[in-house]
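# Coordinates in review
Here is what each chain is made of, one letter per residue.
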Amino acid sequence: MEALKAASVQDYPKAEQGLARAVREAESFGQNDIRVGSTLNSLGLVYRAEKKYSEAEAAYRRALVIMEATYGESIDVGNVNFNIAGVMFDQGHQVDALPNVRKSLAIYEKLLGDSSLKTAAALCMEGDAYRVMKRYPEAETALRRCADIREMDSGLESNELADALYSLGLTFMGEGKFSAAEPRLAIAERIREKTLGITNPLLAQTMEDHAAVLKELGRDREAGKLTTIAAAIRRSQKGK
């Protein structure tokens, strides 16, 4: 509890130290005790926040073995698979993350349903992995489902929906479907401007990709305007 309190105020070194001690305490009940697994999962979250990705992955994987043996097919097992996939994405290993993404998605769909936000998160991750692999039709299917779930849940003003639409827009760009990409990127741009602010680098990236699509569509004037704004955001970030 002390470690989790430290993590809640972003004192990650203290949280890491406390959770490492908690793991050792839990191991007194047995190496495969569920308390070891749950504590390792929390430790993995802290490692990830510290950008200690290999340590996070190792903690998650050990936790997964324990949780699968204890709970079988459960939400906890789905969550740990999702955490493993997330930290693999952080390391640029999107393709290798697919088995864990698929496992978490299957569990979420079965136990939480097709409209769950956890299902949406796994779908978006699956879509992004397929996009990296240039398997665009599969990416498009997964990302469309993710975007639809998030829109139904939160409307048109959530960062999560913006993320899904942005990834979908990039997928359409990869397929050369620029007319389909443009409205998705435009909506993602508007959401990010409203929720993140005009100086956010994610907004700049969205504008740059939107501008690239507009150029492909022959809308050079609009593209130039976005490029100018994005450049100004980049300059403001360098000055910080």
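For the structure given in this document, a descriptive report is provided here. (Residues numbered from 1 in each chain as written. Predicted model: local features only at pLDDT ≥ 70, side-chain atom pairs only at ≥ 80, totals over all residues. Heavy atoms only, no water.)

On to the overall build of the chain, then. The secondary structure content of the chain amounts to twelve helices and zero strands. Element order for the chain, N to C, with α for helix and β for strand: α-α-α-α-α-α-α-α-α-α-α-α. The burial tally for the chain puts 43% of its 240 residues in the buried class. Long-range pairs, those at least 24 residues apart, make up 57% of the contacts in the chain with a sequence separation of at least 6. Of the roughly 12,300 Å² of accessible surface on the chain, a fraction of 51% belongs to carbon and sulfur atoms. A gap of 3 Å separates the mean positions of the 33 positive and 35 negative side-chain charges of the chain. (Helix = DSSP H or I, 4+ residues; strand = E, 2+ residues; numbered from the N terminus. Buried < 20%, exposed > 50% of the residue type's maximum accessible area, 1.4 Å probe, protein only. Contact = heavy atoms within 4.5 Å. Areas by Shrake-Rupley, 256 points an atom, 1.4 Å probe, with all protein chains shown as cover. Lys, Arg positive; Asp, Glu negative; His and termini not counted. Charge placed at Lys NZ, Arg CZ, Asp CG, Glu CD.)

The next thing to look at is the environment of Glu-50. Relative to the helices and strands, Glu-50 is located in the loop between helix H3 (34-49) and helix H4 (53-71). In this structure the C-alpha to C-alpha distance between Glu-50 and Ala-97, which are 47 residues apart in sequence, comes to 20 Å. Ignoring sequence-local partners within four residues, the contact set of Glu-50 consists of Tyr-12, Pro-13 and Glu-16.

Okay, the nonpolar core next. One finds Leu-40, Tyr-60, Val-80, Ile-84, Ala-97, Leu-123 and Cys-146 to be the most contacted residues of the largest nonpolar core, which totals 58 residues. Among the elements that take part in this core, helix H9 (residues 159-175) stands out by supplying eight residues, more than any other. When residues no more than four places from it in sequence are discounted, the contact partners of Cys-146 are Ala-120, Leu-123, Cys-124 and Ala-164. Counting residues in hydrophobic clusters, the runner-up holds nine residues, among them Leu-203, Met-207, Leu-214 and Ile-233. (Core = buried A, V, L, I, M, F, W, Y, C linked by side-chain atoms within 4.5 Å.)

Attention now goes to the state of the cysteines. The full count for this structure, using the stated rule, is one disulfide. Covalently, Cys-124 is tied to Cys-146 through a disulfide, its sulfur atoms 2.1 Å apart. Between Cys-124 and Cys-146 the sulfur-sulfur dihedral comes to about -90 degrees; the bridge is accordingly left-handed. Placement of the pair is Cys-124 in helix H7 (residues 117-132) and Cys-146 in helix H8 (residues 136-154), with a sequence separation of 22 residues. Considered together, Cys-124 and Cys-146 belong to a single accessibility category, that of buried residues. (Disulfide = S-S within 2.5 Å.)

Glancing now at the pattern of salt bridges. For side chains bearing opposite charge, pairing can occur when the charged atoms are close. Summed over the entire model, instances satisfying the criterion amount to 18 salt bridges. A salt bridge links Arg-35 to Asp-33; the shortest N-O distance between them is 2.8 Å. With relative accessibility at 15%, the residue Asp-33 sits in the buried group. For Glu-157, the salt bridge is made with Lys-194, and the minimal N-O distance between the two is 2.8 Å. In this pair, Glu-157 sits in the loop between H8 and H9 while Lys-194 sits in helix H10 (residues 178-196), placing the two residues 37 residues apart along the sequence. Shared partners join several salt bridges into a network, and the residues in it are Glu-140, Arg-144, Glu-175 and Lys-177. (Salt bridge = Lys/Arg side-chain N within 4 Å of Asp/Glu carboxyl O.)

Here H8 crosses H9 at 155 degrees, and the two axes come no closer than 9 Å. The orientation of H8 with respect to H9, classified from their angle, is roughly antiparallel. Of the two possible hands of crossing, H8 and H9 adopt the one that is left-handed. Of H9, the residues touching H8 (which contributes Tyr-136, Pro-137, Ala-139, Glu-140, Leu-143, Arg-144, Cys-146, Ala-147, Arg-150 and Glu-151) are Glu-160, Leu-161, Asp-163, Ala-164, Leu-165, Ser-167, Leu-168, Thr-171, Phe-172, Gly-174 and Glu-175. Classifying every residue of the contact of H8 with H9 by side-chain character gives eleven nonpolar, three polar and seven charged. (Axes fitted to C-alpha atoms, helices over the stretch in contact; angles between N-to-C directions. Parallel < 35°, antiparallel > 145°, perpendicular 65-115°, else oblique. Left-handed = near helix turned anticlockwise from the far one by under 90°. Nonpolar A, V, L, I, M, F, W, Y, C, P; charged D, E, K, R; others polar.)

In a regular helix each residue adds 1.5 Å, so 16 residues correspond to 22 Å; helix H11 (residues 201-216) covers 23 Å between its end C-alpha atoms and thus fits that length. When H11 is considered as a whole, its buried residues turn out to be Leu-203, Ala-204, Thr-206, Met-207, Asp-209, His-210, Ala-211, Val-213 and Leu-214. Buried residues in H11 make contact with H9, H10 and helix H12 (220-238). One side-chain oxygen at the N-terminal end of H11 lies 2.8 Å from the backbone nitrogen of Leu-202; it belongs to Asn-200. Directly beyond the C-terminal end of H11, a positive phi value near 80 degrees is found at Gly-218. (Expected span 1.5 Å × (residues − 1). Polar contact = N/O pair within 3.5 Å; in protein donor to acceptor, adjacent residues only side chain to side chain.)

Three- or four-residue spacings in an α-helix give side chains the same orientation, since the helix completes a turn every 3.6 residues. Its 19 residues give H10 an end-to-end C-alpha distance of 25 Å, which sits within 8% of 27 Å, the value for a rise of 1.5 Å per residue. Looking at the buried positions of H10, the neighbouring elements they touch are H9, H11 and H12. Gly-197 sits one or two positions beyond H10 and adopts a positive phi of about 100 degrees.

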